[in-house]
Structure formats: structure tokens, C-alpha cells
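Close look at the chain arrangement
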Amino acid sequence: MSDIFKERHAKLGCMVLRLFPKVMQMILKDYITPKGLQTRFSKNDFRLVFTNNEVVLMEKLPNIDDFTVEISYKILRFEFNMLHEPKCKWGNVPHYTDVEIADDIQRIIHATNSIIKINTNNVTENYSENLLEEIKMMVTRIDSYLKQDDLRSLYNSLCRSETDSNAILQDLTSVKAIEGKFFCN
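By the naming in an unreviewed UniProt entry, the protein is DZIP3-like HEPN domain-containing protein, taken from Mytilus edulis.

So, in C-alpha cells, the structure goes:
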């Protein structure tokens, strides 16, 4: 496997491991306070079935710094039904003209699944550049929605930073695809 392909895949992997969870945590905080989540969790007032790892994360509330894309998505979409359906419908890839918050969440899910499933040898320069540009536009829109500049700064920092490709790719293997179907009680 060529080092350049590994470096590209690792750079995209950083987005999955470091940027996307932060994006979803910030969106979640915009919809509901971590203290409110803690209160609901302590009252066992959720219809969702949490995995063992998610229960561990929920027990750390009001700290949501370790929340994954998946748990944030589950809470927003299925527990509170706060997200309007993207124009493309859940599970599909949004058209570039679809720019609502739900469309960008769907893009995060699609990008996550694409990045974790792609064979490193298939991470071409074109694939990498196009996906990074899409991510850049997405975080810019979400920052605008949240009236901040934190996500764009994190994105830029991750793009500039040197990464340990092997470590990132190893960590990426522990990320599972986000299916979007969760069982409720």
C-alpha cells in the first residue's frame, strides 16, 4: 500500500475521528442542554435502546465531549425527533443544493460510512480533495447556523496537522458504519 494513499485516508480518518463527533456534539448542544439530557437519563426517560458503550457515555453527562456521531444522531433524530427530514430523505446522499442542518448531518453519516469502508488503495487524490472540500463547505454552513467559527478552525487545524497514518487508520477500524435504524422500547 502506497504511503500517499495511507496519508490521504488518514487525513480523512481524522475528520471521522475528531471533527465529525465535535460537529454532532455542537449540534446536539444547540437543540438540548447536556444537563437536560442528564436529567432525562437519570429518570430513565428514553425510548432508545443504548448500547453498553453508549450507556457509559450517557453516565458521564453532562459531559458530552466523548459522544460519537452515532449517539448524537440517535438522540436528535429518534429520541427528540428534532431534525426535519433532509430533502433527499434519510439514508440518501443530499444534492449539493440541499443545505439544511439535516442535509449536513446526512452528509456526515454518508462521509463517515464512505471513509471507514473505502479500501486505502482507492483513496485517490480526486476522491480525497473532493470529500475534504465538501466537508469544508459543510462545517462552514454549520458554523454559520451555530453562529460560531469553531468547527472551521478545527477543520483547518486537522488539515494542517501531521498525522500518524498507521495509528489513525488503526483507530478508524474501530468505527462502525452508522445504519440509522435503532430499536426503541
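Moving on, there is more to tell.
Along the chain, Arg-8 turns up in helix α1 (residues 3-31). One buried charged residue, Arg-8, forms no salt bridge at all, with the nearest opposite charge on Glu-125 at 4.5 Å. Every residue in contact with Arg-8, bar those within four places of it in the chain, is listed here: Val-123, Thr-124, Glu-125 and Ser-128.

Looking now at the state of the cysteines. Following the criterion strictly, the structure yields 0 disulfides and no others. Not part of a disulfide, Cys-159 finds its nearest cysteine sulfur in Cys-14, a span of 9.1 Å. A relative accessible area of 28% places Cys-159 in the partly exposed class.

Further remarks concern the packing of α1 against helix α8 (residues 165-172). Relative to each other, α1 and α8 sit at 50 degrees, their axes nearing to 8 Å. Relative to α8, the element α1 is oriented oblique. Taken as a pair, α1 and α8 cross one another with a handedness that is left-handed. Listed contacts from α8 to Lys-6, Glu-7, His-9, Ala-10, Gly-13, Cys-14, Val-16, Leu-17 and Arg-18 of α1 are Ser-165, Asn-166, Ile-168, Leu-169, Asp-171 and Leu-172.

Looking now at the layout of surface pockets. Within this model, the largest pocket holds a volume of roughly 500 Å³. What lines the largest pocket is a set of 18 residues, and nearest its centre among them are Thr-68, Val-69, Ser-174, Val-175 and Lys-176. Looking at the lining of the largest pocket, the elements that each hand over two or more residues are α1, α3 (52-58) and α4 (69-79). For the lining of the largest pocket, the element with the highest residue contribution is α3, accounting for 4 residues. Of the residues contributing to the lining of the largest pocket, the split by class is 8 nonpolar, 5 polar and 5 charged.

As enumerated under the stated definition, the model contains 1 aromatic pair in all. Aromatic pair Phe-41 and Phe-50: ring centres 6.4 Å apart, planes at 70 degrees, arrangement edge-to-face. Since its relative accessible area comes to 23%, Phe-41 is described here as partly exposed. Under the relative-accessibility criterion, Phe-50 is labelled buried at 14%. One residue, Arg-8, lies across the ring of Phe-5, its end atom 5.0 Å from the ring centre.

Looking now at the packing of helix α6 (residues 125-146) against helix α7 (residues 150-160). Packing of α6 against α7 leaves a shortest axis separation of 7 Å and a crossing angle of 155 degrees. Looking at the two axes, α6 sits roughly antiparallel to α7. From α6, Leu-132, Glu-133, Ile-135, Lys-136, Val-139, Thr-140, Ile-142, Asp-143 and Leu-146 reach across to α7, where they touch Asp-150, Leu-151, Arg-152, Tyr-155 and Cys-159. A per-class count over the contact of α6 with α7 returns 8 nonpolar, 1 polar and 5 charged.

Thresholds, definitions, all that
- Residues numbered from 1 in each chain as written.
- Predicted model: local features only at pLDDT ≥ 70, side-chain atom pairs only at ≥ 80, totals over all residues.
- Heavy atoms only, no water.
- Helix = DSSP H or I, 4+ residues; strand = E, 2+ residues; numbered from the N terminus.
- Buried < 20%, exposed > 50% of the residue type's maximum accessible area, 1.4 Å probe, protein only.
- Lys, Arg positive; Asp, Glu negative; His and termini not counted.
- Salt bridge = Lys/Arg side-chain N within 4 Å of Asp/Glu carboxyl O.
- Contact = heavy atoms within 4.5 Å.
- Disulfide = S-S within 2.5 Å.
- Axes fitted to C-alpha atoms, helices over the stretch in contact; angles between N-to-C directions.
- Parallel < 35°, antiparallel > 145°, perpendicular 65-115°, else oblique.
- Left-handed = near helix turned anticlockwise from the far one by under 90°.
- 1 Å grid on protein atoms, 1.4 Å probe; cavity = no way out; pocket = protein on both sides within 12 Å on 5 of 7 lines; lining within 4 Å.
- Points joined across faces, edges and corners; volume = space filled by probe spheres on them.
- Nonpolar A, V, L, I, M, F, W, Y, C, P; charged D, E, K, R; others polar.
- Phe/Tyr/Trp six-rings, centres within 6.5 Å; stacked < 30°, edge-to-face > 60°.
- Lys NZ or Arg CZ within 6 Å of the ring centre and 35° of its normal.

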